[in-house]
Amino acid sequence: MTRPDPLARLNLDDHELVSRRSFFAIGTDDLERLAALRPFAEQHTDAIIDAFYEMLLAHPETRKFFPDETSVRRVKRVQRDYFLGLFGGVCDRAYAENRARVGATHEHIAMAPKWYLGAYRRYLELLHERLYAHFADPAEANLAYQSAQKLVFFDMSIAIDTYISANIDAIRRHQAAIRELSTPVIRVHDRVLLLPLVGTVDSGRAHQIMETVLTRVTDEQAKVIILDIAGVPVVDTKVAQHLLQTTAAVKLVGARTILTGISAQVARTIVQLGVDISAMDTVSRLQDGIELALAHVGKAITAKGA
Amino acid sequence: MSVAKGSIPILRVGPNLLVTVHIDLHDVVAEAFQEDVLTELEKRRAPGLVIDISGLDIVDTYVARILSETGRMARLMGTETVVVGMRPDVAATLIRMGYAMEGVNTALNVDDGIETLAGIAAGKKTA
């Protein structure tokens, strides 16, 4: 399966970029200040990155992400580009997309946000020390630090968004899988289908049931579909209404519905609630439903030798 | 609209008539369609009419009403109507709008529709 594009999911269009930049108070003065510090950044990058990985490799949980020397060398190279990117003087769409990619990479290797955010603290600490050493005037150091901090927080916001959207994607995939599993339409015989319903039927699921039933009935040109509700714990007015609607829709496409698996409890509720389901063919047992369905397609089950 | 009249072909299949609707039925076209069908029924005295709507992506309540009305009018003239080939999404939409087209015979396809007509005819004879 192809992984969905993390950038497309974030919807990082120009409007979003402007809005985010303004909220993080990133002005052109900040970007210019950082661009002017590029020589400073180049001078300190190796030391900062070494110190940064020293911390990551010292902690047992984060060390796991860097199994060998080669991987450490590789991530250090990537980190160097990242770090210098802070002093590029731009915060445009390409920049934001690059940051989203960084977030997607961390999500991909399953590095939890806590490690990611914790590591950033160290990053800022290292930067802070060096900026205050670099500028004679602490006010100037403070300004530079503020600018860097804005951009770092901006980066973090994008990375966290990538984490969240990746998780939402995963949830969507799971929901789709559950939906598919919740309406397992089975072909019992030529032009006879069976849908055993198990579990609670809410309106979302009822919607899904109707769509699936109609599509399968027309795809397979089934004359009859049996809905077995033996596994549905509660059949209230709403559920009965949904079943009636499905029956009516199935009739419109030219097929019929047989409802089976009605327990004593369900029969009692339906009558007590005053729901009229006389429009549906109902039988108590699935076996009877199958026999009735076969009769509709001109078939019958007979005893051997009879 | 002059294209309307006769724009939906009406074919003979055995004793029955078959109408295949493949252009959107709206206002003028729908009324012309109804008139064409009824005129043809009057001429042919067919026992059954199959209306195939598998070519229709959109069927609103207006069209659904025209279809079921045509069926009821045909019945008055001694012809049973079967609407066939309704698409799943069309059926779902009509039901959600509370339009179940009660009293209209339906079938999955033209073959089934003709079979349904034969069943109804046999039922009438025995009755």
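To be clear, the structure that these remarks concern was listed above.
Just so you know, these numbers come straight off a predicted model, no measurement behind them.

Turning our attention to the interface of chain A and chain B. Tallying the contact residues gives 18 residues for chain A and 18 residues for chain B. Carbon and sulfur atoms supply 57% of the area that chain A and chain B bury against each other, a total of about 1500 Å² over both sides. It is Lys251, Leu252 and Val253 of chain A in chain A that bury the most area against chain B; as a group they hold 38% of the surface buried on that side. At the junction of chain A with chain B, the criterion picks out three salt bridges. Among the ionic pairs, glutamate 115 of chain B bridges to lysine 223 of chain A, the shortest N-O distance being 2.6 Å. Going through the elements one at a time, helix H10 (203-220) and helix H11 (237-252) of chain A are the ones with two or more residues in the side of chain A that touches chain B. Sort the elements by how many residues they give to the side of chain A that touches chain B and H10 of chain A lands first, with seven residues.

All names here are of chain A. Summed over the entire model, instances satisfying the criterion amount to 28 salt bridges over all chains. In this structure, the salt-bridge partner of aspartate 161 is arginine 20, at a minimum N-O distance of 2.6 Å. You can see aspartate 161 sitting in helix H9 (residues 138-182) and its partner arginine 20 sitting in helix H2 (residues 14-23), a full 141 residues away along the chain. What makes aspartate 161 partly exposed here is its relative accessible area of 25%. By relative accessible area, which is 12% here, arginine 20 ends up buried. Between glutamate 220 and arginine 216 there is a salt bridge, and its shortest N-O distance comes to 2.9 Å. Pair noted here: glutamate 220 and arginine 216 are both in helix H10, with a separation of four residues, about one helical turn. On the basis of relative accessible area, glutamate 220 is assigned to the partly exposed category, the value being 29%. A single salt-bridge network, built from bridges that share partners, covers Arg187, Asp190, Arg216 and Glu220.

As a further point, take the layout of surface pockets. By volume, the largest pocket amounts to about 770 Å³. In terms of lining residues, the largest pocket is bounded by 27 residues, among which Thr247, Lys251, Ala255 and Arg256 of chain A together with Thr106 of chain B are the most central. Elements that contribute at least two residues to the lining of the largest pocket include exactly H11 and strand E4 (256-260) of chain A together with strand E5 (105-107) and helix H4 (110-126) of chain B. By residue number, the principal contributor to the lining of the largest pocket is H11 of chain A, which donates five residues. Empty space within the second largest pocket amounts to approximately 510 Å³. Along the wall of the second largest pocket there are 21 residues; nearest its centre are Tyr53, Val75, Gln79, Thr105 and His106 of chain A. Listing elements by their share of the lining of the second largest pocket, those giving two or more residues are helix H4 (38-58), helix H6 (69-85), helix H7 (93-108) and helix H8 (113-134) of chain A. For the lining of the second largest pocket, the leading source of residues is H6 of chain A, giving six residues.

A few words now on the packing of aromatic side chains. Residue and element names in this part refer to chain A. Scanning the model with the defined rule gives 13 aromatic pairs over all chains in all. With a centroid separation of 6.2 Å and an interplanar angle of 85°, the aromatic rings of phenylalanine 23 and phenylalanine 24 are classed as edge-to-face. Aromatic pair tyrosine 116 and tyrosine 163: ring centres 6.0 Å apart, planes at 70°, arrangement edge-to-face. With tyrosine 116 in helix H8 and tyrosine 163 in helix H9, this pair connects stretches of sequence that are 47 residues apart. Classification of tyrosine 163 by relative accessible area gives buried; the value is 5%.

Conventions we followed
Residues numbered from 1 in each chain as written. Chains lettered and ligands numbered in written order. Predicted model: local features only at pLDDT ≥ 70, side-chain atom pairs only at ≥ 80, totals over all residues. Heavy atoms only, no water. Contact = heavy atoms within 4.5 Å. Buried area = accessible area lost by both parts, 1.4 Å probe. Salt bridge = Lys/Arg side-chain N within 4 Å of Asp/Glu carboxyl O. Helix = DSSP H or I, 4+ residues; strand = E, 2+ residues; numbered from the N terminus. Buried < 20%, exposed > 50% of the residue type's maximum accessible area, 1.4 Å probe, protein only. 1 Å grid on protein atoms, 1.4 Å probe; cavity = no way out; pocket = protein on both sides within 12 Å on 5 of 7 lines; lining within 4 Å. Points joined across faces, edges and corners; volume = space filled by probe spheres on them. Phe/Tyr/Trp six-rings, centres within 6.5 Å; stacked < 30°, edge-to-face > 60°.

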